[in-house]
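Observations on the model geometry
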Amino acid sequence: FAMNPRNLFTVSAYIGNDEFSMDQSQQSSVKHNLVRWGNSAIVANWLHSSKRDFITSTSVSCSESHFYLEMEQNYFSMTTKTGISDIDVRTVTNKKVGKNLFSFGAENLIQQFRLGDLELKLDSEKRVINNPDACISNEFSMFVEDNIDVTGKCNVVVGLRSSLYSKNDSLTYINASISPRIQARYMLSSSSSVKASLSHETQNLHLVSLVSSAL
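Residues numbered from 1 in each chain as written. Predicted model: local features only at pLDDT ≥ 70, side-chain atom pairs only at ≥ 80, totals over all residues. Heavy atoms only, no water.

Counting its regular elements, the chain contains zero helices and twelve strands. Each helix and strand of the chain, ordered N terminal to C terminal, gives the series β-β-β-β-β-β-β-β-β-β-β-β. Here the C-alpha atoms of the chain give a radius of gyration of 24 Å, more than 25% beyond the 17 Å that 2.2 N^0.38 yields for 215 residues. Taken over the C-alpha atoms alone, the chain extends approximately 75 × 45 × 40 Å along its principal axes. Counting only contacts in the chain whose residues sit at least 6 apart along the sequence, the fraction spanning at least 24 positions is 52%. Surface accessibility of the chain: about 15,100 Å² in total, with carbon and sulfur atoms responsible for 59%. With 20 positive and 21 negative side-chain charges, the chain shows a separation of 13 Å between the mean positions of the two kinds. (Helix = DSSP H or I, 4+ residues; strand = E, 2+ residues; numbered from the N terminus. Rg over C-alpha atoms; globule rule 2.2 N^0.38 Å. Contact = heavy atoms within 4.5 Å. Areas by Shrake-Rupley, 256 points an atom, 1.4 Å probe, with all protein chains shown as cover. Lys, Arg positive; Asp, Glu negative; His and termini not counted. Charge placed at Lys NZ, Arg CZ, Asp CG, Glu CD.)

Right, here's the structure in full:
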């Protein structure tokens, strides 16, 4: 929706689901096997161009990923469901001044990890493992960047990002970090270039996977 030449609003949405199933007719040791997974997201964006040539993009997005497993063999069955939900608010402003393209912005990301309930059954024995406390994390960050056109062939980007990450459930974790970076590019010809970069990154979230399991 173009309200006027300086304000443009867009809304995008996506939903997708996949399913895989297998029964005893395909594999004798498996009575029933069902896997469902999918993603959904919606994003609203406002693009504003001021009279002083500041171009600002502000967006609000919500997304969700889910995974469901239901497995039943001759003497064993298991069901589990997990997922991640995100709420992201972001704003980025660009301003061209001579040979410099300045960018600055801020972002706040809230993530909820549903650890899932696990139901196990072996012969007549049944056990349910509940995870009532969902893990919720919040990351607020700000950044500033200068994209410098040194010559027609040489380009340098200098940036600085600061972030504050916090998680508060059964275990409280808070981490503040500053991440600088510099990047350079030199065009050798119209089809080739040489690039070099140096940066310091902070990763607050890590995935621990069970390599002995296919899922």
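For V92, the position within the fold is in strand 5 (residues 76-97). You can call V92 partly exposed: its relative accessible area is 22%. In this structure the C-alpha to C-alpha distance between V92 and G105, which are 13 residues apart in sequence, comes to 4.2 Å. Beyond its immediate sequence surroundings of up to four residues, V92 is in contact with I55, T56, S57, F104, G105 and F143. (Buried < 20%, exposed > 50% of the residue type's maximum accessible area, 1.4 Å probe, protein only.)

For the chain, per-residue confidence averages 89 on the pLDDT scale, and residues scoring 70 or more make up 93% of the total. Per-element confidence in the chain ranges from a low mean pLDDT of 82 for strand 8 (residues 125-129) to a high of 96 for strand 12 (residues 192-199). (pLDDT = per-residue confidence, 0-100.)

Direction of pairing for strand 4 (residues 55-73) relative to strand 5: antiparallel, over a ladder of 18 bridges. Across the sheet, S59 pairs through a bridge with R90, a residue of strand 5. With antiparallel pairing between neighbouring strands as the criterion, strand 4 and strand 5 make up a hairpin whose turn holds two residues. (Pairing = 2+ DSSP bridges.)

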